[in-house]
Amino acid sequence: QLQLVESGGGLVQPGGSLRLSCAASEFTLDYYAIGWFRQAPGKEREGVSCLYNSSGYTIHADSLKGRFTISRDNAKNTVYLQMNSLKPEDTAVYYCAARRLRTFRLCLSGYDYDYWGQGTQVTVSS
């Protein structure tokens, strides 16, 4: 069974940058899509960025306006989330997830994901 472990979270000042990592126990190309999601206290989980392994095509939440970028290093079985120009409202627990199968939903939806990491806390504060 696939295991995902997030790392790289922590405290950062507004306007700063942070890179999250998601280490996978299996080769990530065996899965249809990989995504990053986040959940803040009192809010619903939302999709941040995701990547289709077959093509490398990525999708990012419109609300992030290009501040976040997902990427992969297949040799290391690792997926990254580069976060720039961080804002206090970006404070949340960030999760990576893997999706096995293709569905009619875009990879930014967390509904079809099969495997989830435990999450890493990101706090943006001065």
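For the structure, see preceding data.
Residues numbered from 1 in each chain as written. Predicted model: local features only at pLDDT ≥ 70, side-chain atom pairs only at ≥ 80, totals over all residues. Heavy atoms only, no water.

**Q** Would you take a moment to explain the state of the cysteines for this structure?
**A** Considering all chains together, one arrives at two disulfides under this definition. Disulfide pairing is shown between Cys 22 and Cys 96; the S-S distance is 2.0 Å. One quick way to see it: the torsion about the S-S bond of Cys 22 and Cys 96 is about 60°, and its sign makes the bridge right-handed. With Cys 22 in strand 3 (residues 18–24) and Cys 96 in strand 9 (residues 92–99), this pair connects stretches of sequence that are 74 residues apart. Residue classification places Cys 96 among the buried positions, given a relative accessible area of 0%. In this model, Cys 50 is linked to Cys 107 through a disulfide, with the two sulfur atoms separated by 2.0 Å. Sign of the S-S torsion, about 70° for the bond between Cys 50 and Cys 107, identifies this disulfide as right-handed. Of this pair, Cys 50 sits in strand 5 (residues 46–52) while Cys 107 is found in the loop between strand 9 and strand 10 (115–116), placing the two residues 57 residues apart along the sequence. The disulfide pattern of the protein chain is 1-3, 2-4 when the bonded cysteines are numbered in sequence order. (Disulfide = S-S within 2.5 Å. Helix = DSSP H or I, 4+ residues; strand = E, 2+ residues; numbered from the N terminus. Buried < 20%, exposed > 50% of the residue type's maximum accessible area, 1.4 Å probe, protein only.)

By themselves, these figures tell us nothing about what the structure is for.
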